[in-house]
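These are the residues of each chain, in order.
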Protein chains: 2
Amino acid sequence: MAAQPRDVVEQYVKLVATGPTSAIVDLYAEDAVVEDPIGTPERRGHEAIGELYKALENLERETELHTVKVAGNQVAASFTLVTVSNGHRMTLSPIDVMELNDAGKIISMRAYWGPDDLKMEQI
Amino acid sequence: MAAQPRDVVEQYVKLVATGPTSAIVDLYAEDAVVEDPIGTPERRGHEAIGELYKALENLERETELHTVKVAGNQVAASFTLVTVSNGHRMTLSPIDVMELNDAGKIISMRAYWGPDDLKMEQI
């Protein structure tokens, strides 16, 4: 049985904190399209999408899922990502919207966030 | 100057609680498209969109805006709508995503919510 949309989003947010890039990318269909944040060039396919998450791999990071809304195979999720490196803490709080295919893979992800949703602090 | 996306969303959520249908519809461009919730038929234009809000007009209602994310002219907002009528309280907590045109009018709105986000209680 295909993974349920809510489970996929929960898994996604968990893996953004704990997973290797390969595990995150594996949630996406092979020809998936990502726009993160909205307004930046689209990334199409596993390799291009992987670059987005590879940047996180060597950072201390955690995520917290705030809310998930499911409308059929389309979902919206509000969460927070905190990363720490070189004495800086970055806090990003987007709303990601995703569409899943019948196999439970993400075929598109678009991230709503702007400068107001990104905080950098020295620690 | 065109209204800013964040102001439009704040105004929208406020008017869903307090406004006549005409004031809500006026936030939309004339050829706007609404899908609420996602998966239901699209409503195109002021008249079709107005039907959605007219259903609220005679209800006691309030809204609370939880969070707004702005990415250029595209926004996502998490909020709660509570209505009371005939001894029933309905609580709906969607995430709405909207795209605005250069004039600051909403050209599309899509609402992410499902059965888990709608509660009915007798009071």
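The shown structure was predicted, so the numbers you read here are calculated from the model rather than taken from an experiment.

**Student:** Would you mind going over the overall build of chain A with me for this structure?
**Tutor:** Scanning chain A from N- to C-terminus turns up 3 helices and 8 strands. Going residue by residue from the N terminus, the α and β elements of chain A occur as α-α-β-β-α-β-β-β-β-β-β. Rg of the C-alpha trace for chain A: 14 Å, near the compact-globule value of 14 Å for 123 residues, within the 12% margin. Seen through its principal axes, chain A has C-alpha atoms that stretch 45 × 30 × 25 Å. Looking at the 123 residues of chain A, the share that counts as buried comes to 49%. For chain A, the share of sequence-separated contacts (at least 6 apart) that also reach a separation of at least 24 residues comes to 50%. Averaged over its 11 positive side-chain charges, chain A has a centre that lies 2 Å from the centre of its 20 negative ones.

**Student:** Just to check I follow, could you spell out the pattern of salt bridges for this structure?
**Tutor:** Should their charged atoms come close, side chains of opposite charge can pair. Going through the model one piece at a time under the given rule, you end up with 14 salt bridges over all chains. Between R44 of chain A and E42 of chain A there is a salt bridge whose closest N-O contact spans 3.8 Å. For the pair R44 of chain A and E42 of chain A, a shared accessibility class is recorded, and that class is exposed. Here R43 of chain B makes a salt bridge to E51 of chain B, at a shortest N to O gap of 3.7 Å. We classify R43 of chain B as partly exposed; its relative accessible area is 25%. Looking at E51 of chain B, the relative accessible area reads 47%, which means it is partly exposed.

**Student:** I tried to follow the UniProt feature "domain: SnoaL-like" (unreviewed entry) in chain A on my own but got confused; where do I start?
**Tutor:** UniProt tags residues 9–108 of chain A as "domain: SnoaL-like" (unreviewed entry). Within the segment residues 9–108 of chain A, helix and strand shares are 24% and 48% respectively, and the terminal C-alpha atoms sit 12 Å apart.

**Student:** When you look at helix α3 (residues 46–54) of chain B in this model, what are you seeing that I'm missing?
**Tutor:** Residues and elements named next belong to chain B. When we look at burial in α3, the residues that qualify are I49, G50, L52 and Y53. Seen end-on, α3 carries its buried residues on one side only, within an arc spanning 150 degrees. For α3, the secondary structure elements touched by its buried residues are α1 (5–18), α2 (21–25), β1 (28–35), β2 (43–44) and β7 (106–112).

**Student:** What exactly am I supposed to notice about the relation of the copies chain A and chain B here?
**Tutor:** Related by rotation about an axis and a shift along that axis, the two copies of the chain form a pair. You can overlay chain A on chain B at an RMSD of 0.0 Å; the transform is a turn of 180 degrees with a shift of 0.0 Å along its axis. Such a combination of turn and shift is consistent with a two-fold rotation axis. Mapped onto chain B, 100% of the interface residues of chain A again fall at the interface, so both copies present the same surface.

**Student:** Please clarify how the interface of chain A and chain B should be interpreted in this entry.
**Tutor:** Between chain A and chain B, the residue contacts involve 20 residues of the former and 20 residues of the latter. When chain A packs against chain B, the two sides together hide about 1,600 Å² of surface, and 58% of this comes from carbon and sulfur. Among the residues of chain A in contact with chain B, K69, I95 and Y112 of chain A are the three that bury the most area, contributing 37% of the side total. The interface formed by chain A and chain B holds 4 salt bridges in total.

**Student:** Mind showing me how you'd approach the packing of aromatic side chains here?
**Tutor:** Residues and elements named next belong to chain A. Counting across every chain of the model gives 7 aromatic pairs over all chains. Consider the rings of Y12 and Y53, whose centres lie 6.0 Å apart with planes at 85 degrees: the pair is edge-to-face. Here Y12, found in helix α1 (residues 5–18), pairs with Y53, found in helix α3 (residues 46–54); they are 41 residues apart in sequence, far enough to count as distant. What makes Y53 buried here is its relative accessible area of 4%. Among the aromatic side chains, those forming a connected cluster through ring pairs are Y12, Y28, Y53 and F79.

**Student:** Would you mind going over the environment of A29 of chain B with me for this structure?
**Tutor:** Residues and elements named next belong to chain B. With respect to the helices and strands, the residue A29 is situated in strand β1. The spatial distance from the C-alpha of A29 to the C-alpha of A103 is 8.8 Å, given a sequence separation of 74 residues. Ignoring any residue separated from it by four or fewer positions in sequence, one finds A29 in contact with H46, N101, K105, I106 and I107.

How each quantity is defined
- Residues numbered from 1 in each chain as written.
- Chains lettered and ligands numbered in written order.
- Predicted model: local features only at pLDDT ≥ 70, side-chain atom pairs only at ≥ 80, totals over all residues.
- Heavy atoms only, no water.
- Helix = DSSP H or I, 4+ residues; strand = E, 2+ residues; numbered from the N terminus.
- Rg over C-alpha atoms; globule rule 2.2 N^0.38 Å.
- Buried < 20%, exposed > 50% of the residue type's maximum accessible area, 1.4 Å probe, protein only.
- Contact = heavy atoms within 4.5 Å.
- Lys, Arg positive; Asp, Glu negative; His and termini not counted.
- Charge placed at Lys NZ, Arg CZ, Asp CG, Glu CD.
- Salt bridge = Lys/Arg side-chain N within 4 Å of Asp/Glu carboxyl O.
- UniProt positions renumbered as here; feature names shortened; annotations may be inferred.
- Arc of directions from axis to C-beta.
- Least-squares fit on C-alpha atoms with pLDDT ≥ 70 in both.
- Buried area = accessible area lost by both parts, 1.4 Å probe.
- Phe/Tyr/Trp six-rings, centres within 6.5 Å; stacked < 30°, edge-to-face > 60°.

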